[in-house]
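Tertiary structure, described
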Amino acid sequence: MKIAPGATVGALQAGLPLDPLENRILLCHALGLTRVGLITNAERALNAEEAACLAALVGRRQGGEPIAYIVGQREFFGLPFQVSPAVLIPRPDTELIVELTLERLAPRARVLDMGSGSGAIAVAVAHTRPDTAVTALDLSEDALAVARANAAANGATVRFLRSDWFTALGNEAFDLIASNPPYIASSDEHLVQGDLRFEPSAALTDFADGLSALRTIIKGAPAHLIAGGWLLLEHGYDQAEAVRGLFTDAGYAEVESWRDVNGIERVSGGRRRK
Ligand code: GLN
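Residues numbered from 1 in each chain as written. Predicted model: local features only at pLDDT ≥ 70, side-chain atom pairs only at ≥ 80, totals over all residues. Heavy atoms only, no water.

**Observations concerning the overall build of the protein chain**
Scanning the protein chain from terminus to terminus reveals 11 helices and 9 strands. For the protein chain, the spread of C-alpha atoms along the three principal axes comes to 70 × 40 × 35 Å. Put simply, the protein chain has 274 residues, and 49% of those count as buried. Summarising the internal contacts of the protein chain: among those between residues at least 6 apart in sequence, 63% fall at separations of at least 24. Approximately 12,600 Å² of the protein chain is accessible, and the part contributed by carbon and sulfur atoms is 53%. Separation of charge centres in the protein chain, based on 25 positive and 33 negative side chains, amounts to 4 Å. (Helix = DSSP H or I, 4+ residues; strand = E, 2+ residues; numbered from the N terminus. Buried < 20%, exposed > 50% of the residue type's maximum accessible area, 1.4 Å probe, protein only. Contact = heavy atoms within 4.5 Å. Areas by Shrake-Rupley, 256 points an atom, 1.4 Å probe, with all protein chains shown as cover. Lys, Arg positive; Asp, Glu negative; His and termini not counted. Charge placed at Lys NZ, Arg CZ, Asp CG, Glu CD.)

Quick look at the structure:
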């Protein structure tokens, strides 16, 4: 689309072909304004460069690109996270596994986040509970770079490891392991719709039935948990029963599922037996 130089901030807030919230986010990003700045600068006219910049951002959004990738940022657990197409965009649903983790931490606990992506879970835990020794691992070097930047920007101390699930861990043990692994089945049509088209497929799908990464983690975690240590796993909206079955079959105690902000069973967990 074209935006005429001379158009004012106020006029553009109503006049762009996007929903009002997305309009505001892109206007702020293009002009370097805060949301309050948009109001106080309503009469300000865009110069040619600003108009071209905004038009390019709006064009990308109209092409389906997620707003978080366009502006390079998304808020999670009240903290700003840098995002790029190397990582999944943090979801509000995932705040549940952070809360469940925080509720279970003794002082100076050791926590492992497997498949850390942007670092959302690890950084939120380390930021909220600086006494915790948080380790985060991911297979993707590009994701680890984003996560390291997020830990630094949020003043969180996290140890990062490149690892294919448990392979780089040696015989280290943790008090709690949390993971939001790829759990969308390869046949799920959502993978070719909306924002998901732009996200890294290896962070979304196991390229199988959706349960294979969950199975790998449930099977391997007891060797890296202290007796009584918790494993907490985020999973798909229809996977809670199957995941509880995997926990129970693998001999975990206190197997349970918890509901997210939308009332969907989103995290299941269990404890390594003594
Ligand atoms: N919750 C994400 C979605 O449904 C998927 C995240 C994941 O696969 N770990 O879009």
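Past the structure itself, the notes keep going.
**Points about the packing of aromatic side chains**
Taken as a whole and judged by the stated rule, the model has 4 aromatic pairs. These aromatic residues form a ring-pair network of at least three members: F76, F77 and F81. Note that R104 overlies the ring of W230, its terminal NZ or CZ placed 4.4 Å from the centroid. (Phe/Tyr/Trp six-rings, centres within 6.5 Å; stacked < 30°, edge-to-face > 60°. Lys NZ or Arg CZ within 6 Å of the ring centre and 35° of its normal.)

**Structural notes on the pairing of strand β8 (residues 253-259)**
Two elements, β8 and strand β9 (residues 265-271), share 5 bridges in a ladder whose sense is antiparallel. From the neighbouring strand, W258 faces β9, where its bridge partner is V267. Linkage of β8 to β9, two consecutive antiparallel strands, is achieved through a turn of 5 residues, within which G263 is found at a positive phi near 80°. (Pairing = 2+ DSSP bridges.)

**A word on the state of the cysteines**
All chains considered together, the criterion is met by 0 disulfides. Here C28 is not cross-linked by a disulfide; its sulfur's nearest cysteine counterpart is in C53, at 12 Å. Accessibility expressed as a relative area gives 33% for C53, which makes it partly exposed. (Disulfide = S-S within 2.5 Å.)

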